[in-house]
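Below are the chains, spelled out letter by letter.
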Amino acid sequence: MRQPSDSAWIAPAGGLDAPMIAGLHAETVGDGPWDEGALRHLLESGDGFARVATGRAYGESMPLGFAFARVIADEAELLGIGVLPAARGRGLGGRLLADVLATAGQRGARRIVLEVCHENAAAHRLYTAAGFTRVGTRPGYYATRDGAPADAEVLARALA
Ligand SMILES: CC(C)(COP(=O)(O)OP(=O)(O)OC[C@H]1O[C@@H](n2cnc3c(N)ncnc32)[C@H](O)[C@@H]1OP(=O)(O)O)[C@@H](O)C(=O)NCCC(=O)NCCS
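In this report, the structure presented in the accompanying data block is examined. (Residues numbered from 1 in each chain as written. Predicted model: local features only at pLDDT ≥ 70, side-chain atom pairs only at ≥ 80, totals over all residues. Heavy atoms only, no water.)

### Focus on the packing of helix 1 (residues 18-28) against helix 2 (residues 36-44)
Basically, it comes down to this: Axis definition: a line fitted to C-alpha atoms, over the contacting stretch in the case of helices. Angles run 0 to 180 degrees between N-to-C directions. The secondary structure listing takes helices from DSSP runs of H or I that are at least 4 residues long and strands from runs of E that are at least 2 residues long, numbered from the N terminus. By the definition adopted for this analysis, an angle is roughly parallel if under 35 degrees, roughly antiparallel if over 145, roughly perpendicular if from 65 to 115, and oblique otherwise. We call a crossing left-handed when the near helix sits turned anticlockwise from the far one by less than a right angle, and right-handed when that turn is clockwise. We call two residues in contact whenever any of their non-hydrogen atoms come within 4.5 Å of each other. Each residue gets one of three labels, nonpolar for Ala, Val, Leu, Ile, Met, Phe, Trp, Tyr, Cys and Pro, charged for Asp, Glu, Lys and Arg, and polar for the others, Gly among them.
It is the contact of helix 1 with helix 2, at a shortest axis distance of 8 Å, that shows an interaxial angle of 125°. Taken together, the axes of helix 1 and helix 2 lie oblique to each other. Helix-helix and strand crossings are classified by hand; for helix 1 and helix 2 the assignment is right-handed. Taking contact as the criterion, the partners of A18, P19, I21 and A22 in helix 1 are, on helix 2, E36, L39, R40 and L43. Considered class by class, the residues forming the contact of helix 1 with helix 2 number 6 nonpolar, no polar and 2 charged.

Right, dumping it as structure tokens:
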């Protein structure tokens with residue numbers, strides 16, 4: 001399934017795509033509040049938007065990654081981003097994030113924030129490369145797989 005990310009394409013997704021995005025979210029990020037119902041509600045609310053990356057594999061096109069965010073007034077929040085393990089490290093996460101930043105800006109956001117687990121090295125690389133910096137910490141905000149608490153870092157960057 002490995003292939004260059006430039007053979008994948010990124011497109012807007014809506015409420016009807018909520019089951020697919022929820023499946024990708026569970027497979028990449030894991031358990032959390034973003035089940036199918038919550039995603040549909042977000043994407044049908046008008047405040048939320050999503051992007052899905054699709055690539056060709058085994059002669060078919062299939063979803064490889066997603067990102068979704070919300071814009072309220074002049075602030076956006078990146079609520080989820082994930083790329084299937086076999087498609088990682090080829091720039092797809094960066095392309096999804098760049099699309100979210102551009103879309104949030106077009107929707108009037110002047111700043112975007114997100115939360116990331118302190119221990120998530122891949123996500124930190126992705127966000128640092130995109131110009132995010134740390135603006136806060138939420139101690140013990142996440143639980144790791146073994147149940148131990150892990151800090152969340154709040155990152156932000158300005159949008160043009
Ligand atoms: C974070 C994630 C979306 C990155 O997707 P991706 O397609 O691999 O991203 P890219 O290929 O664009 O790489 C982005 C950066 O991360 C780095 N990276 C990728 N995998 C990495 C890993 N396992 N460890 C450390 N850095 C890694 C890349 O080298 C790149 O950094 P660089 O530009 O300095 O070289 C992906 O790892 C993922 O889905 N993780 C699980 C879900 C998750 O943690 N989501 C974020 C929650 S806040």
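### Looking at the site of the ligand
Stated formally: A single heavy atom is enough: if one lies within 4 Å of a molecule or strand, its residue is considered near that molecule or strand. Two N or O atoms form a polar contact when they lie within 3.5 Å of each other; inside protein one atom must be a possible hydrogen donor and the other a possible acceptor, and for residues adjacent in sequence the pair counts only when both atoms belong to side chains.
The environment of the ligand is made up of 20 residues, and the closest members are V83, G89, G91, G94 and N120. G94 places a polar main-chain atom, nitrogen or oxygen, 2.8 Å from an oxygen atom of the ligand. Residue N120 places a side-chain N or O atom 2.7 Å away from an oxygen atom belonging to the ligand. Only strand 4 (75-83), helix 3 (92-106), strand 5 (111-117) and helix 4 (121-129) provide two or more residues apiece to the shell around the ligand.

### Observations concerning the pattern of salt bridges
What counts here: We count a salt bridge whenever a side-chain nitrogen from Lys or Arg sits within 4 Å of a carboxyl oxygen from Asp or Glu. Only protein chains enter the area calculation, which uses a 1.4 Å probe; residues under 20% of their type maximum are buried, those over 50% are exposed, and those in between are partly exposed.
Within this structure, the stated rule accounts for 5 salt bridges. One salt bridge in this structure joins E75 and R111, with 2.8 Å as the shortest N-O distance. Here R111 lies in strand 5 and E75 lies in strand 4, a separation of 36 residues in the sequence. Of the residues examined, E75 reaches a relative accessible area of 32% and is grouped as partly exposed.

### Quick word on the packing of aromatic side chains
This is how the line gets drawn: Each pair of aromatic rings taken from Phe, Tyr and Trp, with Trp reduced to its six-membered ring, is defined by centres within 6.5 Å and is described as stacked if the planes are under 30 degrees apart, edge-to-face if over 60, and tilted in the remaining cases. Whether a charge lies above a ring is judged from NZ of Lys or CZ of Arg, which has to be within 6 Å of the ring centre and within 35 degrees of the ring normal.
Counting across every chain of the model gives 4 aromatic pairs. When the centroid spacing of 5.2 Å and the interplanar angle of 70° are considered together, the rings of W34 and F68 count as edge-to-face. Of the two residues, W34 sits in the loop between helix 1 and helix 2 while F68 sits in strand 3 (residues 60-72), which places them 34 residues apart along the sequence. Under the relative-accessibility criterion, W34 is labelled buried at 16%. Taking the ring centre of Y141 as reference, the NZ or CZ of R138 above it sits at 5.8 Å.

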